[in-house]
Amino acid sequence: MSDTNMWSPENGPGSEATVVEVFSAWLVEQGWECAELPRHGDRPDIDARHPDGRRLIVEAKGFTRDSSTDLDTGYGQILRRMKGEPDTAYALVVAKSIVRFAQRVPSEVRSNLGIALYTVDSSGKVELVDEPPLTTSAS
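Treat the numbers as computed from the prediction; the structure is a model and nothing was measured.

A. How the structure looks around the overall build of the chain. A tally of regular secondary structure across the chain gives 4 helices and 6 strands. In sequence order, the secondary structure elements of the chain are arranged as α-β-β-β-α-β-α-α-β-β. Here the chain, with 139 residues, has 42% of them falling under the buried criterion. Restricting the contact set of the chain to residue pairs at least 6 apart, pairs at least 24 apart contribute 51%.

B. View of the pairing of strand S2 (residues 46–49). Looking at chain direction, strand S1 (residues 33–34) and S2 are connected through 2 bridges and run antiparallel. Paired with cysteine 34 across the bridge in S2 is alanine 48. Strand direction decides the pairing type here: S2 and strand S3 (residues 55–61), joined by 4 bridges, are antiparallel. Looking at S3, one finds that arginine 49 is bridged to arginine 55. Hairpin geometry of S2 and S3 is characterised by an intervening segment of 5 residues between the two adjacent antiparallel strands and by a positive phi of about 105 degrees at glycine 53.

C. Expanded view of the environment of alanine 35. Tracing the chain through its elements places alanine 35 in the loop between S1 and S2. Alanine 35 gets classed as partly exposed once you look at its relative accessible area, which sits at 42%. For the pair alanine 35 and arginine 49, spaced 14 residues apart in sequence, the C-alpha separation works out to 8.0 Å.

D. Inspection of the pattern of salt bridges at higher detail. Tallied over the full model, the rule gives 10 salt bridges. The partner of aspartate 130 in a salt bridge is arginine 110, and the shortest N-O contact between them spans 2.3 Å. Of the two residues, aspartate 130 is situated in strand S6 (residues 126–130) and arginine 110 in helix H4 (residues 107–113); the sequence distance between them amounts to 20 residues. For arginine 110, a relative accessible area of 2% translates into the label buried. A cluster of three or more residues bridged by salt bridges with shared partners is formed by Asp42, Glu59, Arg80 and Arg81.

E. Spatial organisation of helix H1 (residues 16–29). Counted at 1.5 Å a residue, the expected span for H1 with its 14 residues is 20 Å, and the 20 Å between its end C-alpha atoms agrees. Of the positions making up H1, those classed as buried are Thr18, Val19, Val20, Val22, Phe23, Ser24 and Leu27. Packed against the buried residues of H1 are S1, S2, S3, strand S4 (88–95), strand S5 (115–120) and S6. Where H1 ends, the next residue or the one after it, glycine 31, has phi of about 100 degrees, a positive value.

F. Region of interest: the side chain of aspartate 130. When its relative accessible area of 16% is taken as the criterion, aspartate 130 is described as buried. There is a polar contact of 2.3 Å between the side chain of aspartate 130 and the side chain of arginine 110. The contact partners of aspartate 130, leaving out residues within four places of it in the chain, are Ser107, Arg110, Ala116 and Leu117.

Each value, and the rule that gives it
Residues numbered from 1 in each chain as written. Predicted model: local features only at pLDDT ≥ 70, side-chain atom pairs only at ≥ 80, totals over all residues. Heavy atoms only, no water. Helix = DSSP H or I, 4+ residues; strand = E, 2+ residues; numbered from the N terminus. Buried < 20%, exposed > 50% of the residue type's maximum accessible area, 1.4 Å probe, protein only. Contact = heavy atoms within 4.5 Å. Pairing = 2+ DSSP bridges. Salt bridge = Lys/Arg side-chain N within 4 Å of Asp/Glu carboxyl O. Expected span 1.5 Å × (residues − 1). Polar contact = N/O pair within 3.5 Å; in protein donor to acceptor, adjacent residues only side chain to side chain.

Remember that the coordinates give geometry; whether it matters functionally is a separate question.
Spelled out as structure tokens, the structure:
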């Protein structure tokens, strides 16, 4: 990743594609299985299942010319996917450089909605911003 342009919306550490790739790999390391999904269409960026029966629906956003609006869209996409299914959690995963836009929705609101917020930085490190970690057992 060091040879790519961090600020490109199509590729590089700040792109949505890289955020999806890095977060998917991180989930696999945590014991999750990520479904293969088509690249286009009305679907989440990641649909993962844990052996204990939990499901995780993820929307990812990278740096773009209008990251603010893209993050608003991401929240809307998550809300549309919420169907009240048991053992299903939701997360918004963003390039660390744009986390401030995701944090315009207060952590208390994200918590009440059951949306975890994660970042992926330019070196590929995944960080939980808030909400219980996805690797703990469901209560």
